[in-house]
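Given next are the chains, with one letter for each unit.
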Amino acid sequence: MKTPPDFRDELLAWYDREKRALPWRGTRDPYAILVSEIMLQQTRVDTAIDYYKKFMARFPDARALARAPADDVLSAWAGLGYYRRARMLHAAAREIVNNHGGAVPRDFDTIKSLPGIGVYTAGAIASIAFDMNVPAVDGNVIRVLSRILAFRGDPFVGPGRKMIDDVAASLARANERPRDWTQALMELGAVICAPQNPLCLLCPVRAKCAAQKSGLVLKIPPPKKRRASQKVRHAAAVVRRNRKYLFLKREIESINAGLYEFPTVECTNGVDVDSQLGTFVRESAGFEIEVHATVARIRHTITFHRIEVDARAANAVGGHPTARTAWLSSVEARERGVTAATRKILDVLNTGGAEAPPVAGAKINKKQKI
DNA sequence: AAAGCGGGGCT
DNA sequence: AGCCCAGCTTT
């Protein structure tokens, strides 16, 4: 293991002066800290704040969350993305109530065994909620430590990652303020030691940073190898009747489970999209439709998939709804929770279409650029 | 338009 | 170690 310089005093003093006032920093309630940590997975602090406040008001403790219906939890999460987190958090609350008397367990391995909680999140909860001397190594911490050490290998995987984990563990062990230490390291990574534009002039650890001394800050960590992205084309049916749209609720055990979306098919080369869409809507939502012009074209990127969705106006000419079918206004659908692609389409319909949302069959130039 | 960031779970 | 989940920011 590399031996890092002792920068604990400088970093903690900086944290005491500069830490952001965040709602979950005003509490020591382990449940509240657990909720905040799940929300902060893959989500920026600024985005999480409002959701956190609403979520805590609605589900103030593990028992309240555990007894809530899944749809309520999902709707509180609507707009935050990565909805599997909501399901896992719900399951974790139920485990906490059923197996741990309603209180977040105080043992690292037991915390980590809860659904949706991996090594990083368990470390964050153990250190922040229970002041335990354990590390919480997220992407920020990996970047900060690899720069301070001027580590030239890949710190995210293999031996490099193990070295970083060892360093983080030794720093956490030899620490009198574990709760603040965990947050200070991540705060530095988020506020100062940014990936692209680090504010080294303002950094409290500047004098002890090996990458700074050797001018290597921007070369550490090295760029990651990524899979080449892949284009995918989808077509969605925007079926409007009165003031409502036809939505499908996604099935359990699928991507975006439980969320609502415009009926969507993946386009295959050589297959007629209109009839493909018609068949899908008949089989899934129970309605016969006529497919008309494109009313929105949106892009949605997730990991290496670049999805382009062609939203087609359509009208229902008969049929009976299935259990998954719901006629909802745009507001109602957003409240229940819609997929990201459907939200983007709704945004176009509500702004691009302005006062009069697209009516099925309206004359709209198919080649319009959006 | 493309590249970049990034945890948890699973195999 | 590599893939899947199904998103936003930066360049």
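Note: the structure precedes this text.
This write-up is about the structure you can find in this document. (Residues numbered from 1 in each chain as written. Chains lettered and ligands numbered in written order. Predicted model: local features only at pLDDT ≥ 70, side-chain atom pairs only at ≥ 80, totals over all residues. Heavy atoms only, no water.)

**Remarks on the overall build of chain A**
Cut-off, in case you're wondering: Numbered from the N terminus, helices here are DSSP runs of H or I no shorter than four residues, and strands are runs of E no shorter than two. Relative accessibility under 20% of the residue-type maximum defines a buried residue, over 50% an exposed one, and the middle range a partly exposed one, all with a 1.4 Å probe and only protein chains included. Here, two residues are considered to be in contact whenever any of their heavy atoms come within 4.5 Å of each other. Residue exposure ignores everything except the shown protein chains as possible cover, and the areas themselves are Shrake-Rupley values with a 1.4 Å probe. Counted charges follow a simple rule, with Lys and Arg positive, Asp and Glu negative, and His plus the chain ends left uncounted. The atoms used to mark charge sites are NZ of Lys, CZ of Arg, CG of Asp and CD of Glu.
Scanning chain A for helices and strands turns up 15 helices and 7 strands. Principal-axis analysis of the C-alpha atoms places the extent of chain A at approximately 70 × 50 × 35 Å. The burial tally for chain A puts 47% of its 370 residues in the buried class. The long-range fraction of contacts in chain A, counting pairs at least 24 apart against all pairs at least 6 apart in sequence, stands at 67%. For chain A, the accessible surface area stands at approximately 18,800 Å², while carbon and sulfur atoms represent 51% of it. Averaging the locations of the 57 positively and 38 negatively charged side chains of chain A gives two centres separated by 5 Å.

**Section: the protein's contact with DNA strand C**
Selection rule: We call a residue near a molecule or strand whenever a single non-hydrogen atom of that residue lies within 4 Å of it. Under this definition, polar contacts are N or O atom pairs within 3.5 Å; protein pairs additionally need one hydrogen-donor-capable and one acceptor-capable atom, and for neighbouring residues in sequence, both atoms have to be side-chain atoms. Residues are grouped as follows: Ala, Val, Leu, Ile, Met, Phe, Trp, Tyr, Cys and Pro are nonpolar; Asp, Glu, Lys and Arg are charged; every other residue, Gly included, is polar.
Surveying the vicinity of DNA strand C reveals 20 residues, the closest of which are Asn197, Arg227, Ile255, Asn256 and His300. When atoms of DNA strand C within 4 Å of the protein are sorted by moiety, sugar and phosphate together comprise 59%. Here a phosphate oxygen of DNA strand C and a side-chain polar atom of Asn197 are 2.9 Å apart. The separation between a base nitrogen of DNA strand C and a polar main-chain atom of Thr301 is 2.9 Å. With 3 residues, strand S5 (residues 287-302) is the largest single contributor of residues to the surface near DNA strand C. By residue class, the composition of the surface near DNA strand C is 6 nonpolar, 10 polar and 4 charged.

**So, the protein's contact with DNA strand B**
Taken together, 19 residues lie near DNA strand B, and Gln42, Gly116, Thr121, Gly139 and Arg299 sit nearest. Backbone atoms, meaning sugar plus phosphate, form 63% of the atoms of DNA strand B positioned within 4 Å of the protein. Between DNA strand B and the protein, one listed contact pairs a base nitrogen with a side-chain N or O atom of Arg84 at 3.0 Å. In this structure, Arg306 approaches DNA strand B through a side-chain N or O atom, which is 3.0 Å from a phosphate oxygen. Contributions of two or more residues to the surface near DNA strand B are made by helix H6 (84-100), helix H8 (119-130) and helix H9 (139-148). When the residues that make up the surface near DNA strand B are grouped by side-chain class, the tally is 6 nonpolar, 7 polar and 6 charged.

**Description of the packing of aromatic side chains**
Rule in force here: For Phe, Tyr and Trp, rings pair up if their centres lie within 6.5 Å, where Trp contributes its six-membered ring, and each pair is then called stacked (planes under 30 degrees apart), edge-to-face (over 60) or tilted (otherwise). By definition, being over a ring means that NZ of Lys or CZ of Arg is both within 6 Å of the ring centre and within 35 degrees of the ring normal.
Inspection of every chain in the model, using the stated rule, returns 8 aromatic pairs. Judged by centre distance (5.6 Å) and plane angle (45°), the ring pair of Phe7 and Trp181 falls under tilted. Residue Phe7 is found in the segment before helix H1 (8-18), and its partner Trp181 is found in helix H11 (residues 178-191); the two are separated by 174 residues along the sequence. No difference in accessibility class separates Phe7 from Trp181, as the two residues are buried. Among the aromatic side chains, those forming a connected cluster through ring pairs are Phe55, Phe59 and Trp77. Looking at Lys54, its charged tip hangs above the ring of Tyr51, at a distance of 6.0 Å from the centre. For Lys224, the ring lying beneath its charged end belongs to Phe156, and the centroid distance is 3.8 Å.

**A short note on the packing of helix H2 (residues 30-40) against helix H3 (residues 45-58)**
What counts is decided by this rule: Think of each axis as a best-fit line through the C-alpha atoms, taken over the contacting stretch in the case of a helix, with angles from 0 to 180 degrees between the N-to-C directions. Roughly parallel refers to an angle under 35 degrees, roughly antiparallel to one over 145, roughly perpendicular to one between 65 and 115, and oblique to any angle outside these ranges. For any helix crossing, the convention is left-handed if the near helix is rotated counterclockwise from the far helix by under a right angle, and right-handed if that rotation is clockwise.
Two numbers describe how H2 lies on H3: the axes approach to 10 Å, and their chain directions differ by 140°. By the criterion of interaxial angle, the relationship of H2 to H3 is oblique. The crossing of H2 and H3 is right-handed. Between H2 and H3, the residues in contact are Tyr31, Ala32, Val35, Ser36, Met39 and Leu40 and Val45, Ala48, Tyr51, Tyr52, Phe55 and Met56, respectively. Taken together, the residues of the contact of H2 with H3 break down into 11 nonpolar, 1 polar and no charged.

**Considerations on unusual backbone geometry**
Residues Ile220 and Pro221 are joined by a peptide bond in cis, for which omega reads -5°. Turning to its location among the elements, Pro221 is positioned in the loop between helix H12 (210-214) and strand S1 (230-241). Phi at Gln42 is positive, roughly 60°, even though this residue is not glycine. You can see Gln42 is positioned in the loop between H2 and H3. The residue Tyr82 is not glycine, and still its phi comes out positive at about 45°. Note on placement: Tyr82 falls in the loop between helix H5 (70-77) and H6. Residue class for Tyr82 comes out partly exposed when judged on its relative accessible area of 48%.

Just geometry here; none of it tells us what the structure is for.
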